[in-house]
Each structure stands twice: as structure tokens, then as C-alpha cells.
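Residues per chain, in single letters:
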Amino acid sequence: MPDTPSAVRRRLLAWYDAHGRTLPWRAAPGAARTDPYRVWLSEVMLQQTTVPHATPYFQAFTARWPTVVDLADAQDSDLMAAWAGLGYYARARNLLACARAVARDHDGVFPDTEAGLLALPGVGAYTAAAVAAIAFGRAANVVDGNVERVMARLHAVQTPLPAARPELKRLAAAYVTDDRPGDWPQALMDLGATVCRPKSPLCPSCPIRIDCAAYAEGDPGRYPLKSSKAQRPHRQGIAWVIRNASGQVALVRRPDKGLLGGMVGLPTSDWSETAPTDNPPLSGPWTEAGAIEHVFTHFSLTLAVRTAEGEGDYIWMAPKEALKALPTVFSKALTRGLGA
DNA sequence: TAATCGTGGGG
DNA sequence: TCCCCAAGATT
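Please read all numbers here as calculations on a predicted model, not as lab measurements.

Here is what the cut-offs are and how they apply
Residues numbered from 1 in each chain as written. Chains lettered and ligands numbered in written order. Predicted model: local features only at pLDDT ≥ 70, side-chain atom pairs only at ≥ 80, totals over all residues. Heavy atoms only, no water. Domains from an automatic or database assignment. Contact = heavy atoms within 4.5 Å. Buried area = accessible area lost by both parts, 1.4 Å probe. Salt bridge = Lys/Arg side-chain N within 4 Å of Asp/Glu carboxyl O. Polar contact = N/O pair within 3.5 Å; in protein donor to acceptor, adjacent residues only side chain to side chain. Nonpolar A, V, L, I, M, F, W, Y, C, P; charged D, E, K, R; others polar. Near = heavy atom within 4 Å. Helix = DSSP H or I, 4+ residues; strand = E, 2+ residues; numbered from the N terminus. Core = buried A, V, L, I, M, F, W, Y, C linked by side-chain atoms within 4.5 Å. Buried < 20%, exposed > 50% of the residue type's maximum accessible area, 1.4 Å probe, protein only.

### Some points on the domain arrangement of chain A
Considered domain by domain, chain A is made up of domain 1 (5-222) and domain 2 (234-337). Averaged C-alpha coordinates put domain 1 and domain 2 at centres separated by 35 Å. Listed per partner, the contact involves eight residues of domain 1 and 12 residues of domain 2. Taken together, both faces of the contact between domain 1 and domain 2 bury some 720 Å²; the carbon and sulfur share is 57%. There are zero salt bridges connecting domain 1 and domain 2. In this structure, the connection of domain 1 to domain 2 is made through three residue pairs in polar contact (both at pLDDT 80 or more). Tallied by class, the residues present in the side of domain 1 that touches domain 2 amount to five nonpolar, two polar and one charged.

Here it is in C-alpha cells:
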């Protein structure tokens, strides 16, 4: 059974002071207030994304767009290209919408309350609480996957995810106070990332293991319990690599909604679980260039790649530039089509 | 509420 | 090789 919340807080914050991570978006100990723009940008980039994957993007974005107003002035196509490879592209569209809302409706200054932040595009319950706590020192209940896992173990919650979410959030709320409101969620998240890991938790290094009901049971790694997930279907399609006389590649801008929305892509057939209708955009002749495999969150894909020379009403881009602007699935297909 | 929405690393 | 999963938001 956990000790009092205040005792748990004391031990975990002491651990955080000694073992907390140094991260590019995190203010150095004793430094002046964290820049809300950097906190918000990092939080959006880190949604469902690992620190090593997001870090170079954070560095590139802050170098190119040092303030939220700079970002608001960016071209849509530049922003989307800079996000290429990071995934969940709705985040990039919402990032730009949010920057423009802050610039236009808030004089370039982020709202400093949880409710104000929550009203911004792409800012949900987690991100609003995180920015309110970390950038503005608000006593917000910041609950991400790490916090859910720590709470599920600390209290040996028997309800499986995702049904356990409300209960886990209630449990987390008991630890939120006006003392060090920004450090507390970061301490919880650092613990979850480095000690209370999804697999093979490092309980001997945990500052609150004496409070942990799952540790007392002997197998904390089995928490949080999870309900079984649906299996992933497999789809197939065709991607067409068209090059003009200058060696440029034909790209299309994908519609804002749906998969890879707003990104440039190769022209493709429909992607379905049955063989695609071969309806190429040019008469050809087409050369078979093999196929690539790619796995999305809710389906896997085999994409046959065919190449031809031609002209037409496309976005024409040099291959080197295209490879940087395309989402990964199309970078793979283009690389194959180029014979690299 | 449940489905949709990427990618890369690790066990 | 395959499956898990990571600082979630939106509809």
C-alpha cells in the first residue's frame, strides 16, 4: 500500500533532482523560466514519439523558427516538409494552425491557463496540462502513458487499459500540489521512461518501490493490464515513379484529411486488401521496380513500384529534395524506383 | 466509445 | 521475425 502522497512526492522529487534527464527543451536547473513556445513544441513532437526520434526535429525547428510568430509565418509546404519522417502528420497541420491562432488571437503570447491552452488546435488534455505546469507553474494533473503506467503499478490497478484511464487519472490527481508543479510531472515521466519502464522495470533503482503495490506482488512488469487488441489487416497498392526530361520526380499533394494528410506523396492506386486496379496515370511504358513493405498503426502495406518517363500536371521535385519532403513510406518507394 | 493516424527501436 | 510501444488528439 502506498505511503502518503506527500511522502511519495518527496522521495520522487529528490530522485528527480539527482537523476532527472537533461533534455534540449528542458530548462537547466536554476535557469530562468522555460520558454512556453519550446515547451509546447516539444510536447507536440513527443506525442507518441520517442525522445531520440523527436530531438533532431526539435533542434531543426527551433533553429529555423525561433519563436511562435516565426512559425506562424511559415509556408504550409515548408512546415510539412520539415515534419516529414516524424509521423502523425495531423500534428504538423495542427501545429501551424495553433501557432497562427496564438499569433493572431493572442498577440503571439501563449495562454497561461490549462483551459486557454486546451482551446488551441492540437492541444488536448495532456498537452494543455503539461504546458500549464511546466511553462506556467500551474498545478495541473499531467497524465501521459508514463504516468498511467506508474500509477497502475503503484496502486496495482486491476482494470485493463484503456478502460482504466479515468481511474488512473484520479489516482494521479492525489499527488498534484502547488509545490514544484512543473517538476512533478517531469519527475513522474522521467521515472516512467528510465526506471518504471514498460518492460523490465528497474525496481532496485526506484525511489518509490517501497510504496509500490505491484512491486510488493512480485511482478510489476505485468502492469498496466491491457485488453486484447485487434489484429492488423494487410493492404496492397501501386506507386508510380514518373521522371521528366530534367530528372525530376512527379509528386502530388495529398488532401488534408486522412492518412498522410497534407503531405506530398507519389501518385498511387487505391490501397485495399484486394489486388488494386492497375490504372496508371500515363500510358507508359512502365518498368517494374519491385515492391516495398511498410507498417502503419492500423494496417500493413505492400506497395508495388513502377517507373516511367513523362510529363504532366504534378509537383515536380528533384529526387534529393523529394526524399527529404516525403513521408517514410514514399521515401522507401522512391528510393526503390530510383534504383538506389 | 472506438477508430484513425506514422515511425523507428528494442526485446 | 514479429510484436510492442512511445510525453496523444481528433472525430
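### Comments concerning the protein's contact with DNA strand B
In the neighbourhood of DNA strand B, 19 residues make up the surrounding shell, with Leu260, His294, Thr297, His298 and Thr328 lying closest. Sugar and phosphate atoms constitute 61% of the interface atoms of DNA strand B, taking the interface as everything within 4 Å of the protein. Within the backbone of glutamine 48, a nitrogen or oxygen atom sits 2.9 Å from a base nitrogen of DNA strand B. Contact between DNA strand B and histidine 298: a phosphate oxygen at 2.5 Å from a side-chain N or O atom of the residue. Contributions of two or more residues to the surface near DNA strand B are made by strand S4 (287-295) and helix H14 (328-337). Within the surface near DNA strand B, the residues separate by chemical class into nine nonpolar, 10 polar and no charged.

### Section: the nonpolar core
In terms of nonpolar packing, the biggest core is built from 103 residues, with Trp40 and Phe110 touching the most fellow members. A total of 10 residues in this core trace back to one element, the largest contributor, which is helix H8 (residues 125-136). Mapping this core onto the domain boundaries places at least three of its residues in each of domain 1 (5-222) and domain 2 (234-337).

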